[in-house]
Protein chains: 2
Amino acid sequence: MTRISMKDIARELGVSIATVSLVLNGKDKDGRVGKEMAEKIRRKAKEMNYEPNNLARGLRIGVSNTIGLIVADISNLFFANLAFHIQEQAEKFGYSVIITNTNESNLKLEKMITILKNKLVDGFIIVPTEHGESLIQNLVKRNMPVVLIDRYFPNLNVSSVIVDNYNASKKALRCLINQGCRNIGLVIYKSDLQHMLDRKKGYVDELQNAGLYNPALIKEINYSSITDDITIAMESLLSRENEVDGIFFATNTLSMLSIKYMLDMNIKLYEEIKVVCFDKSDAFDFTSLHISYIQQPIAEMGTNAVGLLVEQMKRKSVERKEDEIKIVELQTFLMNVL
Amino acid sequence: MTRISMKDIARELGVSIATVSLVLNGKDKDGRVGKEMAEKIRRKAKEMNYEPNNLARGLRIGVSNTIGLIVADISNLFFANLAFHIQEQAEKFGYSVIITNTNESNLKLEKMITILKNKLVDGFIIVPTEHGESLIQNLVKRNMPVVLIDRYFPNLNVSSVIVDNYNASKKALRCLINQGCRNIGLVIYKSDLQHMLDRKKGYVDELQNAGLYNPALIKEINYSSITDDITIAMESLLSRENEVDGIFFATNTLSMLSIKYMLDMNIKLYEEIKVVCFDKSDAFDFTSLHISYIQQPIAEMGTNAVGLLVEQMKRKSVERKEDEIKIVELQTFLMNVL
DNA sequence: CTGAAAGCGCTTACAG
DNA sequence: CTGAAAGCGCTTACAG
């Protein structure tokens, strides 16, 4: 079966392709095309099962109505949810979304950007990787609409949607302190990404305020050797001399692996050690575990990112030049299951 | 900044666009283009930062190197993982993947198919919705390469990748019976989709073999009123007169909600009621919960789906007509945490 | 109110 | 070994 094109409809009806195009794009009002003609064309199009070829349309008008979404790991529930909401929102504006994955690899980020650019996406929403700054920079230089999400580069002039990571950490720590914890550990990725630095700083500041800061209780995990590093970190935190009575986990993956370790060691959460995690896991619904967590407004993050991007894409086509960079910083919620 | 095209390179070098195209597509070997010329073109292309326009290429050769993946719910970890593996595998064959979501809605499935077709994806991998049979049928009629995954329609002539749901259920039930359960409940979606019917049949058959079948212990949940229905179902299963000592949950979402309910009710898993779930959740790593589960070979499912699809897409371009429909049925694993 | 024509960026026979 | 030309399906001034 071969696809029906405008040409086929035009031939069938003995009219020009131009007329068909006008009608099928709804530009027949304003008296551009006769009423009966328009009706005839529409009927024929439906009858022949016409479907527009968006590739051709895109080539001609230089727009694909597609957004490229690049996340760090689609199999992480946080990003999966983010993707979900971004897609829902994009659809409302008539955009489809191509989702791709970097697995936290800078190389892959570069590759994904190239692939997507060559498919002519109209803009990008990106969860950038560590050291991915220059790749983003390039995109911006070339006037590509871009919005960063979840993570951002403070030195880069790029619209971004993030949460207030610093205060999220502070909230988490205050919660632990209020519950009587005095020796509170931190499990976090070793990373230069700003959102990690912010989470760390929130931890440090809040503990220093309380006169409880002890740098030995900060455990930095390498993403590439995560299992081993967590074992080492937890062994240290759980050793008797540290007297740790609370731990803050800076990401959901770190939480899950560490809590599993603790349960395997028969540690009683809450009674022996209180914990706060970044992000929710399904597991926390099992209330018997007494796990508090920082909840990010995922839907809002997605909506905002799409909003900012759509704005940029419009602006570009109207050729305005004011570079309105916006950093949207959303607040998190401390969900206390106790 | 305006994109560099082949024309720009050709003009700059005083050669024809055709020559540039040949070189940049690696067709300059076989003595089609002079060695120095080819080198010059390649150097210039790099220097000018040329990047191919795949829209134009796709329009010309009728191929987009893009696969449309339609899942039922990207925020469900099972589908997120599936998407991840499909993408990894597709990339190996040079395809990018557009992921979209139906939210189990038939209407949305139709919309997504239309959108993707108009973007000229070369083929589809689809997790179909209930009653979505005719939509898939249409795609096949139009000679579109399609592979169904996770779910399939027995009456439809479409390649599909599924797991052996019937035997998965049987395994789960045997496990519960062997552990001494005598009154075993089933929590499953009310659905005509074959994979659900298979899971149900496995449950029924295995219990009948053991002389333990009791239809009153089957609870069918409506996707649209899931929370309420689960509450009602669990209340009934946990009521004293039923003496339920084991439950099989037919999907991951049903598992999570039901187990949460049980924990809220202070039911001791394993000691009071033993459970087996379909699919793993992060939560099960918390071994203290004693939850067994059926593990699906997600990566293998993804790999197989891409393989079947690529085969179809190739076949189509060579215009062969043997309709080689393949149903790949993979085996699951019963993961017993005890 | 409708049509002829150019062109988006590319590929592919066909000539030479 | 290289170029001129047609055409993929569409949109958009421009004529009339």
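Thresholds applied
- Per-chain numbering applies: the sequence of each chain, read as written, is numbered from 1 onward.
- Each chain is given a letter, starting from A, and each ligand a number, starting from 1, according to the order in which they appear as written.
- Thresholds applied to this predicted model are a pLDDT of at least 70 for local features of residues and 80 or more for the giving and counting of side-chain atom pairs; totals over whole chains, interfaces and linings are not thresholded and use all residues.
- To get the side-chain values, all heavy atoms of the structure are used, and hydrogens and water are removed first.
- Between buried and exposed lies partly exposed: a residue is buried under 20% and exposed over 50% of the maximum accessible area for its type, with that area taken using a 1.4 Å probe on protein chains only.
- Numbering goes from the N terminus for both helices and strands, where a helix is a DSSP run of H or I of at least four residues and a strand is a run of E of at least two.
- Two strands qualify as a pair provided DSSP detects at least 2 bridges between them.
- Any Lys or Arg side-chain nitrogen located within 4 Å of an Asp or Glu carboxyl oxygen qualifies as a salt bridge.
- Contacts are assigned to residue pairs that have any heavy atoms within 4.5 Å of one another.
- The buried area of a pairing is the accessible area, by a 1.4 Å probe, that goes missing from both parts when the two are put together, added over both.
- Buriedness for pockets is judged along seven lines, at least five of which must meet protein on both sides within 12 Å for an open set on the 1 Å grid over protein atoms alone, while cavities are sets there where a 1.4 Å probe fits but cannot get out, and lining residues have an atom within 4 Å of a point.
- Grid points are joined across faces, edges and corners, and a volume is the space filled by probe spheres set on the points.
- Three categories are distinguished: nonpolar for Ala, Val, Leu, Ile, Met, Phe, Trp, Tyr, Cys and Pro, charged for Asp, Glu, Lys and Arg, and polar for the others, with Gly belonging to the last.
- One heavy atom within 4 Å of a molecule or strand is enough for the residue carrying it to be called near that molecule or strand.
- N or O atoms closer than or at 3.5 Å make up a polar contact, with two conditions inside protein: a donor-capable atom paired with an acceptor-capable one, and, for residues adjacent in sequence, both atoms drawn from side chains.

## Examining the pairing of strand β6 (residues 184-189) of chain B
Residues and elements named next belong to chain B. With six of its six residues buried, β6 lies for the most part within the structure. Of the two faces of β6, the one holding Ile 184, Leu 186 and Ile 188 and the one holding Gly 185, Val 187 and Tyr 189 are both buried throughout. Bridging between β6 and strand β8 (residues 246-249) involves four bridges; their strand directions are parallel. If you follow Gly 185 over to β8, its bridge partner there is Ile 247.

## Some thoughts on the pattern of salt bridges
Scanning the entire structure with this criterion turns up 30 salt bridges over all chains. Ionic pairing is found between Arg 174 of chain B and Glu 206 of chain B, a salt bridge with its closest N-O pair at 3.3 Å. Separated by 32 residues along the polypeptide, Arg 174 of chain B in helix α8 (residues 165-178) and Glu 206 of chain B in helix α9 (residues 194-209) bring together distant segments of the chain. Residue Arg 174 of chain B is classed as partly exposed on the basis of its relative accessible area, which comes to 38%. Accessibility expressed as a relative area gives 9% for Glu 206 of chain B, which makes it buried. Salt-bridge contacts for Glu 220 of chain B lead to Lys 190 of chain B; the nearest nitrogen and oxygen are separated by 3.2 Å. In this pair, Glu 220 of chain B sits in strand β7 (residues 218-221) while Lys 190 of chain B sits in the loop between β6 and α9, placing the two residues 30 residues apart along the sequence. Exposure remark for Lys 190 of chain B: the relative accessible area of 47% places this residue in the partly exposed category. One salt-bridge network, held together by shared partners, links Glu 104, Asp 150 and Arg 151 of chain A.

## A closer look at the interface of chain B and chain A
Contacts between chain B and chain A engage 54 residues on the former and 54 residues on the latter. The contact between chain B and chain A buries some 5,100 Å² in all, and 57% of this surface belongs to carbon and sulfur atoms. At the junction of chain B with chain A, the criterion picks out six salt bridges. The shortest N-O distance in the salt bridge between Lys 117 of chain B and Glu 51 of chain A comes to 3.4 Å.

## With respect to empty space enclosed by the protein
Summed over all chains, the structure comprises two cavities of 30 Å³ or more. There is about 220 Å³ of room inside the largest cavity. Of all the secondary-structure elements, those providing two or more residues to the lining of the largest cavity are α4 (54-61) of chain A together with α4 (54-61) of chain B. Partitioned by chemical class, the residues of the lining of the largest cavity number six nonpolar, seven polar and two charged.

## Considering the protein's contact with DNA strand C
Around DNA strand C sit 27 residues, and of these Arg 32 and Gly 34 of chain A together with Met 6, Tyr 50 and Arg 60 of chain B come closest. Here, DNA strand C places atoms within 4 Å of the protein, and 71% of those atoms are sugar or phosphate. Interatomic distance of 3.0 Å between a backbone N/O atom of Ser 16 of chain A and a phosphate oxygen of DNA strand C. Within the backbone of Asn 53 of chain B, one N or O atom sits 3.2 Å away from a phosphate oxygen of DNA strand C. For the surface near DNA strand C, the secondary-structure elements that each account for two or more residues are α2 (17-24) and α4 of chain A together with α1 (6-13), α2 (17-24) and α4 of chain B. In terms of residue count, the dominant contributor to the surface near DNA strand C is α4 of chain B (four residues). The residue makeup of the surface near DNA strand C, split by class, is twelve nonpolar, nine polar and six charged.

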